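One letter stands for each residue in the lines below.
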Amino acid sequence: MSENPISAAAPESSDPQAVLERSTARLSEEFAGIFDADTVERMLTSSFERLSAVSDHPQLLAERFARERLTASAKAEGRATNTGPAVLFVCTHNAGRSQMALGFFTQLAGDRACGWSGGSAPDIAVNPLVVTAMAERGIDIAAEFPKPWTDELMRAADVVIDMGCGDTDPIVSGHRFEQWPLPDPAGQGLDDIRTIRDDIETRVRRLVATLGLAADPDSLGSPS
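Not measured: the values here are computed from a predicted model.

The rules behind the values
- Residues numbered from 1 in each chain as written.
- Predicted model: local features only at pLDDT ≥ 70, side-chain atom pairs only at ≥ 80, totals over all residues.
- Heavy atoms only, no water.
- Axes fitted to C-alpha atoms, helices over the stretch in contact; angles between N-to-C directions.
- Helix = DSSP H or I, 4+ residues; strand = E, 2+ residues; numbered from the N terminus.
- Parallel < 35°, antiparallel > 145°, perpendicular 65-115°, else oblique.
- Left-handed = near helix turned anticlockwise from the far one by under 90°.
- Contact = heavy atoms within 4.5 Å.
- Expected span 1.5 Å × (residues − 1).
- Buried < 20%, exposed > 50% of the residue type's maximum accessible area, 1.4 Å probe, protein only.
- Polar contact = N/O pair within 3.5 Å; in protein donor to acceptor, adjacent residues only side chain to side chain.
- Patch = residues over 30% accessible without salt bridge, like charges linked within 9 Å, V, L, I, M, F, W, Y side chains within 5 Å.
- Areas by Shrake-Rupley, 256 points an atom, 1.4 Å probe, with all protein chains shown as cover.
- Salt bridge = Lys/Arg side-chain N within 4 Å of Asp/Glu carboxyl O.
- Lys, Arg positive; Asp, Glu negative; His and termini not counted.
- Charge placed at Lys NZ, Arg CZ, Asp CG, Glu CD.
- Phe/Tyr/Trp six-rings, centres within 6.5 Å; stacked < 30°, edge-to-face > 60°.

Colleague: So what exactly am I meant to see when it comes to the packing of helix 2 (residues 16-30) against helix 4 (residues 58-76) here?
Modeller: In a pair of packed helices, the angle between the axes and the distance between the axes together describe the arrangement. Packing of helix 2 against helix 4 brings their axes to within 9 Å, and their N-to-C directions diverge by 25°. With respect to their mutual orientation, helix 2 and helix 4 come out roughly parallel. Of the two elements, helix 2 crosses helix 4, and the hand of that crossing is right-handed. Residues Pro-16, Val-19, Leu-20, Ser-23, Arg-26, Leu-27 and Glu-30 of helix 2 touch helix 4, and the partners they reach there are Gln-59, Ala-62, Glu-63, Ala-66, Arg-67 and Leu-70.

Colleague: Honestly, helix 4 in this entry has me stumped. Any pointers?
Modeller: Structural remark: α-helix, 3.6 residues per turn; residues separated by three or four positions point the same way. Over its 19 residues, helix 4 extends 26 Å from the first C-alpha to the last, a length consistent with the 27 Å expected when each residue adds 1.5 Å. Just beyond helix 4, the residue with positive phi is Gly-78, at close to 75°.

Colleague: It is not clear to me how the side chain of Gln-99 should be interpreted in this structure. Could you clarify?
Modeller: Counting through the fold element by element, Gln-99 comes out in helix 5 (residues 97-109). The exposure class assigned to Gln-99 is buried, which follows from its relative accessible area of 1%. Only 3.3 Å separates the side chain of Gln-99 from the backbone oxygen of Phe-145, close enough to count as a polar contact. What Gln-99 contacts, discounting residues up to four positions off in sequence, is Asn-94, Ser-117, Val-126, Ile-141, Glu-144, Phe-145, Pro-146 and Lys-147.

Colleague: How should a negative patch on the surface be read in this particular structure?
Modeller: A contiguous patch of negative charge, built from Asp-15, Glu-21, Asp-36, Asp-38 and Glu-41, is present on the exposed surface. Looking at the secondary structure, you find Asp-36 in the loop between helix 2 and helix 3 (37-52). On the basis of relative accessibility, which here comes to 46%, the residue Asp-36 falls in the partly exposed class.

Colleague: Mind showing me how you'd approach the packing of aromatic side chains here?
Modeller: Note on aromatic pairs: each is described by the distance of the centres and the angle between the planes. Evaluated as defined, the whole model comprises three aromatic pairs. Arranged with centres 6.3 Å apart and planes meeting at 45°, the rings of Phe-31 and Phe-35 form a pair that is tilted. The residues Phe-31 and Phe-35 share a single accessibility class, namely buried. For the pair Phe-89 and Phe-105, a centre-to-centre distance of 5.7 Å together with 65° between the ring planes defines the contact as edge-to-face. Here Phe-89 is found in strand 1 (residues 86-91), whereas its partner Phe-105 is found in helix 5, with 16 residues between them in sequence.

Colleague: Sorry if this is basic, but what is going on with the pattern of salt bridges here?
Modeller: Between side chains of opposite charge, pairing is possible as soon as their charged atoms come close. Tallied over the entire structure, the rule returns 15 salt bridges. The partner of Arg-79 in a salt bridge is Glu-77, and the shortest N-O contact between them spans 3.2 Å. A residue is classified by how much of its surface remains accessible, and Glu-77, at 41% relative accessible area, is partly exposed. Connected via shared salt-bridge partners are Glu-136, Asp-191, Arg-194, Arg-197 and Asp-198.

Colleague: Hey, could you run me through the side chain of Arg-137 in this one?
Modeller: You can see Arg-137 is positioned in the loop between helix 6 (128-135) and helix 7 (151-156). According to the relative accessible area criterion, Arg-137 is buried, its value standing at 13%. For Arg-137, the side chain forms a polar contact with the side chain of Glu-201, separated by 2.7 Å.

Colleague: What is the right way to look at the environment of Ser-98 in this model?
Modeller: Turning to its location among the elements, Ser-98 is positioned in helix 5. Among the residues examined, Ser-98 registers a relative accessible area of 0% and is labelled buried. Beyond its immediate sequence surroundings of up to four residues, Ser-98 is in contact with Phe-89, Val-90, Cys-91, Ser-117, Gly-118 and Met-163.

Shown next, in the form of structure tokens:
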């Protein structure tokens, strides 16, 4: 019988508290001079609690989520060294549309911008057919995970793209807000998801251009 991939990759997972303590130490060192250790610990604990509702292994993902939130907080408070624009892609489950958009944005904009994604009601995992469709375009999102959008991400975002949050649109005064009406990939076949993917790619390319981010022409081929 094969090993559980999460357990095999992360033997620390048997002791969640130990994992969180090590994560706190790493993040405290990473954000030294920006946030004190107490702030880092509170953010990590909050991230763990938020992911506990949607993940079987929140301790393995909390560090990544907390890092995004700390980075966003630093940007919102003018403490970040990266001064490029920040874009937040949001949808309902953060398992399809917003993950595809973030994948394209990250590939096209690189380190010239910050990109985040979140959901109003996060699912347990990213749709595997969405992962397959993105892999066909040379973008690997297999390690991504659904998570809620947070106040830190909204405050830091220069642009918020709503891809289907319904009545929970995270509209923030003073920020650029766009709605991209796109069907939900949930329950759809690969061919339909490819159509949604291609629509998202076109929109993201347009967004990258309007933000003045000169994408590396070799980072992604032309839309198929």
